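One-letter residues, chain by chain:
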Amino acid sequence: MHGSRWVDVARAANLLGADGQPRATIFAEMSALAQATGAVNLGQGFPDVDGPESVARVAADAIAAGVDQYPPGSGIPELRQAIVAHQARRYGIGLDPDTEVLVTAGATEALAATVLALAGPGDEVLTLEPFYDAYAAVVALAGATHTTAPLRATPDGFRLDEQALVAAFTPRTRLVVVNTPHNPTGAVLTRAELELVARLAREHDALVVTDEVYEHLTLAGPDGTRPAHVPVATLPGMAERTLTISSAGKTFSFTGWKIGWISGPAALVAAVRTVKQFLTYVNGAPFQPAVAFALSDEGVAAWVDELAASLARRRDLLSDGLRTAGFTVAAAHGTYFVLADAAPLGYDDGATLCRDLPRLCGVVGVPVSAFTRPGSSADEALRSWVRFTFVKRDEVLAEAVDRLARLGS
């Protein structure tokens, strides 16, 4: 690919600034601002505590035993079998570990390899909006067209705009990327919402790619009930046209291990494997047996349930603090994140507020505009919104809430 083509791709993904130079991400900018000012960093969503010690010990033992060479291209058999068992146990999904499962360098590589394998010039890749920022980049790299359907703020959090979704499908829609539980909104799509996606995908002969990295992190509401995570592959007629992506990073708080996986029909997984082998080839040899253990161990499953309960409590702590500070806060039913509207504070631009927050109260967030397409309806509707993460220790969140109170005063 000639240099000019790379520039075109980067521009399409909004990766270049007006001067043609690589654009620093808002995440890097906000993290640097937090470090420079001593602000509490609620911008980047990574845990500040370790995952289960028992899982880390398996990885350490693997390193000590010399598990340090290339693993098999599809992932070690133990991990592929653990993924198959997990999908069967949790969701009743049957898979062949040899042909229908592929281990990847995190969920992001799985997504990139999928889009590169299955979409190209002339195809449309439809995502919900706002969207995880890597989606736009990989669609641009594939030479496909990125289209979106908005999620709308409601009294019950963000919900699918059904009319907009219907309108977003076209004869060129090749892939539909569905992220639930959803980053950045914290929405957990309902069965009815996903059935609409499935019906439209079947009608337009589109494939569905599901990003389920937060599948175990649905969060209880005021009545103590956790919303159900519904994999699209479990819906009627969808197993044969759905690729399911997940990873160990969010579930087990080992985000740096970068062990993800994709599962689905053998022919589609083979197409993804064809691309994946020329990306990272393989990765994480000593971490793969640890993740296999994590997916299978009852004690680790209990740890994950405790994590979800803790996250629900921490979400409530931060959400209450944001409301006291003057934000309008959307209900979050899953993930690490909550969205808050800064318009009541007199800010119609979330990016401006994020750059002012360290000076105003010593806290950092990320504008939701980092997750939207410039000029889209969602971009306009969410311009004043900010994403904050609550996957931090209680004392860190308590300090952030105390600082945010300065805004309310």
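Residues numbered from 1 in each chain as written. Predicted model: local features only at pLDDT ≥ 70, side-chain atom pairs only at ≥ 80, totals over all residues. Heavy atoms only, no water.

Caption draft 1: Representation of the packing of helix α3 (residues 53-64) against helix α11 (residues 287-296). Two numbers describe how α3 lies on α11: the axes approach to 8 Å, and their chain directions differ by 150°. By the angle between their axes, α3 is roughly antiparallel relative to α11. The element α3 and its partner α11 pack so that their crossing is right-handed. Here α3 contributes Ser54, Val55, Val58, Ala59 and Ala62 to the contact with α11, which in turn contributes Phe287, Pro289, Ala290, Phe293 and Ala294. Class assignment of the residues belonging to the contact of α3 with α11 gives a composition of 9 nonpolar, 1 polar and no charged. (Axes fitted to C-alpha atoms, helices over the stretch in contact; angles between N-to-C directions. Helix = DSSP H or I, 4+ residues; strand = E, 2+ residues; numbered from the N terminus. Parallel < 35°, antiparallel > 145°, perpendicular 65-115°, else oblique. Left-handed = near helix turned anticlockwise from the far one by under 90°. Contact = heavy atoms within 4.5 Å. Nonpolar A, V, L, I, M, F, W, Y, C, P; charged D, E, K, R; others polar.)

Caption draft 2: Highlighting the nonpolar core. Within the largest apolar cluster, 70 residues are counted, with the highest numbers of intra-cluster contacts made by Val115, Leu322, Phe327 and Phe388. Residues contacting Phe388, with those up to four places away along its chain left out, are Leu42, Leu318, Leu322, Phe327, Tyr336, Phe337, Val338, Ala340, Leu357, Val363, Val364 and Gly365. Judged by nonpolar contacts, the second largest core, of 30 residues, contains Leu151, Ala168, Val176 and Leu339. (Core = buried A, V, L, I, M, F, W, Y, C linked by side-chain atoms within 4.5 Å. Buried < 20%, exposed > 50% of the residue type's maximum accessible area, 1.4 Å probe, protein only.)

Caption draft 3: Seen up close, the side chain of Thr180. Mapped onto the secondary structure, Thr180 falls in the loop between β6 (173-179) and α8 (191-203). A distance of 3.0 Å separates the side chain of Thr180 from the backbone nitrogen of Leu189, its partner in a polar contact. The residues contacting Thr180, other than those within four sequence positions of it, are Ala187, Val188, Leu189, Leu194, Asp211, Glu212 and His229. (Polar contact = N/O pair within 3.5 Å; in protein donor to acceptor, adjacent residues only side chain to side chain.)

Caption draft 4: Spatial organisation of the packing of aromatic side chains. Tallying each qualifying case throughout the model produces 10 aromatic pairs. In textbook terms, an aromatic cluster arises when at least three aromatic residues are bridged by ring pairs, as seen for Tyr214, Tyr336 and Phe337. Arg387 extends its terminal NZ or CZ atom over the ring of Phe337, reaching a point 3.7 Å from the ring centre. Lys392 extends its terminal NZ or CZ atom over the ring of Phe46, reaching a point 3.7 Å from the ring centre. (Phe/Tyr/Trp six-rings, centres within 6.5 Å; stacked < 30°, edge-to-face > 60°. Lys NZ or Arg CZ within 6 Å of the ring centre and 35° of its normal.)

Caption draft 5: Here's a closer look at the domain arrangement of the protein chain. Taken domain by domain, the protein chain consists of domain 1 (5-50 + 301-407) and domain 2 (54-297). Averaged C-alpha coordinates put domain 1 and domain 2 at centres separated by 23 Å. The interface of domain 1 with domain 2 comprises 43 residues on the first partner and 42 residues on the second. Here domain 1 packs against domain 2, burying approximately 3200 Å² in sum over the two surfaces, 63% of which is carbon and sulfur. (Domains from an automatic or database assignment. Buried area = accessible area lost by both parts, 1.4 Å probe.)

Caption draft 6: Quick peek at the layout of surface pockets. Within this model, the second largest pocket holds a volume of roughly 600 Å³. In terms of lining, the second largest pocket is formed by 27 residues, of which the most central are Thr108, Tyr132, Asn183, Tyr214 and Lys250. The set of elements that each furnish at least two residues to the lining of the second largest pocket consists of α5 (106-118), β8 (242-247) and α9 (249-252). The element best represented in the lining of the second largest pocket is α5, accounting for 4 residues. Of the residues that constitute the lining of the second largest pocket, the class distribution is 13 nonpolar, 9 polar and 5 charged. (1 Å grid on protein atoms, 1.4 Å probe; cavity = no way out; pocket = protein on both sides within 12 Å on 5 of 7 lines; lining within 4 Å. Points joined across faces, edges and corners; volume = space filled by probe spheres on them.)

Caption draft 7: Structural context of unusual backbone geometry. Thr180 connects to Pro181 through a cis peptide bond whose omega is -15°. Of note, the phi angle at Asp205 is positive, near 50°, even though the residue is not glycine. Its place among the elements puts Asp205 in the loop between α8 and β7 (207-211). By relative accessible area, Asp205 is classed as exposed at 55%. Backbone geometry places Lys258, a non-glycine residue, at a positive phi of 55°.

Caption draft 8: Broad picture of the pattern of salt bridges. Applying the stated criterion across every chain, the model contains 20 salt bridges. A salt bridge links Asp356 to Arg359; its shortest N-O distance comes to 3.6 Å. Here Asp356 pairs with Arg359, and both are found in helix α13 (residues 350-360), just 3 residues apart, close to one helical turn. Take Arg359: its relative accessible area is 60%, and that puts it in the exposed class. (Salt bridge = Lys/Arg side-chain N within 4 Å of Asp/Glu carboxyl O.)

Caption draft 9: Just the sheet that holds strand β13 (residues 366-367), in detail. The strand order across the open sheet built from 4 strands is β10-β11-β14-β13, with neighbouring strands paired in antiparallel fashion. Pairing within the sheet leaves two strands with one partner each, and these edge strands are β10 (328-329) and β13. Bridge count for β13 against strand β14 (residues 385-389) is 2 bridges, and the pairing is antiparallel. Each bridged residue has a counterpart across the sheet, and for Val366 the counterpart in β14 is Arg387. Against the sheet, α13 engages β13 and β14, with an angle of about 50° to β14. (Pairing = 2+ DSSP bridges.)

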